[in-house]
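# Residue-level structural notes
Take a look at the letters that make up each chain.
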Amino acid sequence: MKKLSLITLVIAIMFMALLPSSLFAEGQLKVYQTEVRKQHTPTIGNQNEDEDDEGHRAPSRPIQCTISMTTGITISGCPDEIESYELWDAEGNNCLTIEPDEMEFVNVIFSYDNDCQIRMKIADSPYSYIGYVLK
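Since the model is a prediction, treat every value here as computed from it, not as a measurement. (Residues numbered from 1 in each chain as written. Predicted model: local features only at pLDDT ≥ 70, side-chain atom pairs only at ≥ 80, totals over all residues. Heavy atoms only, no water.)

### As for the overall build of the protein
The helix and strand inventory of the protein stands at two helices and nine strands. Each helix and strand of the protein, ordered N terminal to C terminal, gives the series α-β-β-β-β-β-β-β-α-β-β. The buried share of the protein, reckoned over its 135 residues, is 31%. A sequence separation of at least 24 residues applies to 63% of the contacts in the protein between residues at least 6 apart. A total accessible area of about 9,200 Å² is found for the protein, and carbon and sulfur atoms account for 55% of it. (Helix = DSSP H or I, 4+ residues; strand = E, 2+ residues; numbered from the N terminus. Buried < 20%, exposed > 50% of the residue type's maximum accessible area, 1.4 Å probe, protein only. Contact = heavy atoms within 4.5 Å. Areas by Shrake-Rupley, 256 points an atom, 1.4 Å probe, with all protein chains shown as cover.)

Written out as structure tokens, the structure reads:
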């Protein structure tokens, strides 16, 4: 009987180790980890065109992004001020909402049930941080 309890305990500990505890609080997902890239902001109608004013062809490096219900959005090494936050469908074809407030945007992300694309427009710049939240 003790051997069965010990085996059950070991299995439970191994299972819990596979789930990052920082992602869960009181049974609800509280943090998303994703990558964003700094890209020229696409405009409706030219999303598929190859526009690059500066001649750079290589995609930008991925940047770690944390979206948290408690701390908001953190983009690693980002000194840029964000002007607006956009939620798009996963394909990036339809803008679902534009929020000027970071925490309102975070609430929208956590209430949205499907995979989505996020775009964070950099103030006074033609660039945005663009990434995906996979649910």
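Now that the structure is up, let's keep going.
### Focus on the sheet that holds strand β7 (residues 95-99)
Strands sit in the order β5-β4-β3-β9-β8-β6-β7 across an open sheet of seven strands; the sheet is antiparallel. Sheet topology places β5 (72-75) and β7 at the edges, where each strand pairs with a single neighbour. Across this sheet, the average inter-strand angle for adjacent strands is 25°, counted without regard to direction. (Pairing = 2+ DSSP bridges. Axes fitted to C-alpha atoms, helices over the stretch in contact; angles between N-to-C directions.)

### What to know about the pattern of salt bridges
Oppositely charged side chains can pair when the atoms bearing their charge come close. Throughout the structure, instances matching the rule amount to one salt bridge. For the salt bridge of K38 with D80, the shortest nitrogen-to-oxygen distance reads 3.6 Å. Here D80 lies in the loop between β5 and β6 (82-89) and K38 lies in strand β3 (residues 31-40), a separation of 42 residues in the sequence. Among the residues examined, K38 registers a relative accessible area of 36% and is labelled partly exposed. Owing to a relative accessible area of 24%, D80 belongs among the partly exposed residues under this scheme. (Salt bridge = Lys/Arg side-chain N within 4 Å of Asp/Glu carboxyl O.)

### Regarding the environment of L134
For L134, the location among the structural elements is in the segment after β9 (127-133). Given a relative accessible area of 61%, L134 falls into the exposed group. Residues L134 and C116, 18 residues apart in the sequence, show an inter-C-alpha distance of 6.6 Å. Excluding anything up to four places from it in sequence, L134 contacts Y32 and D115.

### Some words on the side chain of T34
Looking at the secondary structure, you find T34 in strand β3. Polar side-chain contacts of T34 include one of 2.5 Å to the backbone oxygen of Y132. Leaving out residues up to four positions away in the same chain, T34 has contacts with I63, Q64, C65, I67 and Y132. (Polar contact = N/O pair within 3.5 Å; in protein donor to acceptor, adjacent residues only side chain to side chain.)

### A few points about the packing of aromatic side chains
The description of an aromatic ring pair uses the distance of the two centres, along with the angle that the planes make with each other. Considering all chains together, one arrives at two aromatic pairs under this definition. Ring centres of Y32 and F110 lie 4.9 Å apart, and the angle between their planes is 35°; this geometry places the pair in the tilted category. Here Y32, found in strand β3, pairs with F110, found in helix α2 (residues 102-111); they are 78 residues apart in sequence, far enough to count as distant. Summarising the burial analysis for this pair, Y32 and F110 share the class buried. One cation-aromatic arrangement involves R119 over W88; the distance from NZ or CZ to the ring centre is 3.7 Å. (Phe/Tyr/Trp six-rings, centres within 6.5 Å; stacked < 30°, edge-to-face > 60°. Lys NZ or Arg CZ within 6 Å of the ring centre and 35° of its normal.)

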